[in-house]
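Listed here are the chains, written in short residue letters.
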Amino acid sequence: MTFSLSHGIVDSHHHIWRAADLPWLQGEMVPRIFGPYEPIRRDYLAPEYAAEATACGITLAVYVQANWPLDRCVDEVRWLRDVRAETGWPAAVVGSADLFDEGAVEVMRRQAAITPLVRGTRLQLHWHERPEFRFASAPDRMKDPVFRRNIAALADLGWLFELQVFPAQMADAAALAEDFPGVTFVLVHAGMPVGSGPAAIGEWTRGMRLLAEQPNVVVKLTGQGTFVHRVDRPLIEKVTATCLDLFGSRRCMWGSNFPIEKLWTDLATLVSTWQNVLSGRSAEEVRDVFTATATRVYRL
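Engineer: How do you make sense of the overall build of the protein when you look at a structure like this?
Structural biologist: Across its full length, the protein holds 9 helices and 8 strands. Against the globule reference of 19 Å for 300 residues, the protein gives a C-alpha radius of gyration of 18 Å, in line with a compact fold. C-alpha atoms of the protein, sized along the principal axes, occupy 50 × 40 × 40 Å. Look at the contacts in the protein between residues 6 or more apart in sequence, and 81% of them connect residues 24 or more apart. For the protein, the exposed area adds up to about 12,100 Å²; of that, 52% sits on carbon and sulfur atoms. Put simply, the protein has 31 plus and 35 minus side-chain charges, and the middle of one group is 2 Å from the middle of the other.

Set out below in structure tokens:
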């Protein structure tokens, strides 16, 4: 089933890159959260993404930082400004900065001065017992006083924070959102449920319930192939139903996570699967998930 959306689909989470800018794409491959990644160790530029996206009805897209070295995070934003001028994509940018550094606010101000495309920042906080799933140096970095001061500064910038945590960290994440009600927190990859068994889903659901209690938290329905390395419709159905029930459609938005998900699917298959999963929902809910929520949250 396909949907007629008057303003098209908004992809709330994608990447483009020049491989030379990303040390993690170079050198020897190492175990990563999304598995072997040889096919994406290449340039993935705006024209390639745009061709795939427009063929699927995507008309606007939000670029999310791709882990450039943090000392080059200003260069990343400058590059995105130029890409937008040349291609018309992306519609908005989520950058990055070292939020554990006292100088992060000045860095973010420099990014804001380069282009009004920047809507927020992401520094991945997810920590897991399995090393290949781990990004942060510890599970409780959200409590760091320097980090918290930098999060507070986002309200003055008018920026959001892209929150990437595992279920075991969600209690701390909910407390963080509660402490900074003037900042919108965008939960990446629907909170990253690692498994589909009762224990894993139970822990994830409890954590999502805590986050849903905070009105400044919204959810990205993205990245559900990260751990299973396929388009898993039953998993997508479970995640979608839980997120919509807990947060409501006005706090849920869809995104492709391309080209990461390109490792196991094409974009048309990914889009159509989410469309089919949402086919039993109201027209308003479908518009929210595919268009309206991201348009509002990212001020597109």
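From this point, things continue past the structure.
Engineer: What should I look at first to understand the nonpolar core in this one?
Structural biologist: Inside soluble globular proteins, nonpolar side chains tend to come together where they are buried. Counting 91 residues, the largest nonpolar core has Phe 161 and Leu 211 as its most contacted members. Leaving out residues up to four positions away in the same chain, Phe 161 has contacts with Leu 99, Thr 121, Arg 122, Leu 123, Leu 125, Phe 147, Ile 151, Leu 154, Val 183, Thr 184, Phe 185 and Val 186.

Engineer: Can you help me understand the sheet that holds strand β3 (residues 92–95) in this one?
Structural biologist: Two pairing modes exist for strands in a sheet, parallel and antiparallel, and in both the strands are linked by backbone hydrogen bonds. With parallel pairing, 8 strands are arranged side by side in an open sheet as β1-β2-β3-β4-β5-β6-β7-β8. What marks the edges here is a single partner per strand, and that holds for β1 (9–14) and β8 (252–254). Taken pair by pair, the neighbouring strands of this sheet meet at an average axis angle of 25°, ignoring direction. As paired strands, β3 and strand β4 (residues 118–122) are joined by 3 bridges and run parallel to one another. When the sheet's bridge partners are listed, Val 93 is paired in β4 with Val 118. Running at roughly 135° to strand β2 (residues 58–64), helix α1 (residues 46–55) makes contact with β1 and β2 of the sheet.

Engineer: Is there a simple way to explain the packing of helix α3 (residues 104–114) against helix α4 (residues 145–157) in this structure?
Structural biologist: In helix packing, the relevant descriptors are the interaxial angle and the interaxial distance, both defined with respect to the helix axes. It is at 10 Å that the axes of α3 and α4 come closest, and there the two elements cross at 30°. Judged by the inter-axis angle, α3 sits roughly parallel to α4. Relative to α4, α3 is oriented so that their crossing is right-handed. Facing α3, whose interface residues are Ala 104, Val 105, Met 108 and Arg 109, α4 presents Asn 150, Ala 153, Leu 154 and Leu 157. Residues belonging to the contact of α3 with α4 are distributed by class as follows: 6 nonpolar, 1 polar and 1 charged.

Engineer: Looking at this model, I keep getting lost on unusual backbone geometry. Mind explaining?
Structural biologist: With glycine set apart, most residues show a phi of negative sign, and most peptide bonds adopt trans. For the peptide bond that leads from Trp 89 to Pro 90, omega is -5°, which places it in the cis range. If you trace the backbone, Pro 90 turns up in the loop between α2 (73–87) and β3. Cis peptide bonds are those with omega within 30 degrees of zero, and the linkage from Phe 258 to Pro 259 qualifies with 5°. When you line up the elements, Pro 259 lands in the loop between β8 and α8 (267–277). Of note in this structure, His 229 is not a glycine but carries a positive phi near 60°. Within the fold, His 229 resides in the loop between β7 (217–221) and α7 (233–247). Judged by relative accessible area, which is 34%, His 229 ranks as partly exposed.

Conventions we followed
Residues numbered from 1 in each chain as written. Predicted model: local features only at pLDDT ≥ 70, side-chain atom pairs only at ≥ 80, totals over all residues. Heavy atoms only, no water. Helix = DSSP H or I, 4+ residues; strand = E, 2+ residues; numbered from the N terminus. Rg over C-alpha atoms; globule rule 2.2 N^0.38 Å. Contact = heavy atoms within 4.5 Å. Areas by Shrake-Rupley, 256 points an atom, 1.4 Å probe, with all protein chains shown as cover. Lys, Arg positive; Asp, Glu negative; His and termini not counted. Charge placed at Lys NZ, Arg CZ, Asp CG, Glu CD. Core = buried A, V, L, I, M, F, W, Y, C linked by side-chain atoms within 4.5 Å. Buried < 20%, exposed > 50% of the residue type's maximum accessible area, 1.4 Å probe, protein only. Pairing = 2+ DSSP bridges. Axes fitted to C-alpha atoms, helices over the stretch in contact; angles between N-to-C directions. Parallel < 35°, antiparallel > 145°, perpendicular 65-115°, else oblique. Left-handed = near helix turned anticlockwise from the far one by under 90°. Nonpolar A, V, L, I, M, F, W, Y, C, P; charged D, E, K, R; others polar.

Note that every value here comes from positions in space, so none of it alone points to a role or purpose.
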